[in-house]
Each structure stands twice: as C-alpha cells, then as structure tokens.
Amino acid sequence: MLTKYLTGVSTAFSPFNARSGKTIRNFLALLPPNARSTMAIDVKMFGQSEAQKPASLSLKFKDGKEMELDLEKMKLKDIQVEVDRHSRILRRKDELSG
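In this report, the structure presented in the accompanying data block is examined. None of the values given here were measured: they were computed from a predicted structure.

1. Considerations on the pattern of salt bridges
Under the counting rule described, the total for this entry stands at three salt bridges. In this structure, the salt-bridge partner of Asp70 is Lys73, at a minimum N-O distance of 4.0 Å. Residue class for Asp70 comes out partly exposed when judged on its relative accessible area of 36%. Exposure remark for Lys73: the relative accessible area of 70% places this residue in the exposed category. Across the pair Arg85 and Glu82 runs a salt bridge whose closest N-O atoms are separated by 2.9 Å. With Arg85 and Glu82 both in helix H3 (residues 76–97), this residue pair falls three residues apart, about one helical turn.

2. Concerning H3
Over its 22 residues, H3 extends 32 Å from the first C-alpha to the last, a length consistent with the 32 Å expected when each residue adds 1.5 Å. Buried residues of H3: Ile79, Gln80, Val83, Asp84, His86, Ser87 and Leu90, and no others. Those residues of H3 that are buried lie in contact with strand S1 (6–13), helix H1 (18–30), strand S3 (56–61) and strand S4 (66–70).

3. So, the nonpolar core
Membership of the largest hydrophobic core comes to 20 residues, with the highest contact counts inside it found for Leu6, Phe27, Leu57, Leu59 and Ile79. Mapped onto this core, the elements with two or more residues apiece are S1, H1, S3, S4 and H3. When residues no more than four places from it in sequence are discounted, the contact partners of Leu6 are Leu31, Thr38, Met39, Leu59, Lys60, Phe61 and Val83.

What counts and how
- Residues numbered from 1 in each chain as written.
- Predicted model: local features only at pLDDT ≥ 70, side-chain atom pairs only at ≥ 80, totals over all residues.
- Heavy atoms only, no water.
- Salt bridge = Lys/Arg side-chain N within 4 Å of Asp/Glu carboxyl O.
- Buried < 20%, exposed > 50% of the residue type's maximum accessible area, 1.4 Å probe, protein only.
- Helix = DSSP H or I, 4+ residues; strand = E, 2+ residues; numbered from the N terminus.
- Expected span 1.5 Å × (residues − 1).
- Contact = heavy atoms within 4.5 Å.
- Core = buried A, V, L, I, M, F, W, Y, C linked by side-chain atoms within 4.5 Å.

Spelled out as structure tokens, the structure:
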C-alpha cells in the first residue's frame, strides 16, 4: 500500500464490532512504523455500549483530496485498492512534474 501521499488518517470504531473493528485495526497495522511522524493519525474507539455504531475511516492526501470510506461494505483489500489508486495518480503527477 502506497502511504507516501497520505497526510491524515482519522478513524472511529468499536473494537467489539467484529466486522468493522477488525478491518480498521488491520488497516492501521499496515501503516509504516514512521507514520506518526509523516501524517496525522486520529483514532477514536467506541465503548462496548456503542458497539453497533457505524465505523468511519477518513483519509487525507497531499493534494487535498479527502476520502470517506464506507466500512460496512468494504473489506481491507477494497480499502487498499482505493488508497493505491489515488496514490498512483499522485505519484504519476510527481514523476511528470519533477
């Protein structure tokens, strides 16, 4: 997954919700170890009483684009595809300009 062009990750989820909680935890685990120094990461966890609340994942890229991903319909692989798709566009722009 190309994370070079990510500037912000904001997420809210319940670790007690098996579907969305696992997806977000796995996504956060894919971020590189130096991610906290290169991007803003905001993680909010819901309590057990809010386990059925829908999870959210919001991504910000260097070009200013913001993505709100629907985690009820998407799996980890789908999230990776979306991030890589936009990151490849930004990488292509960088190669052409510099």
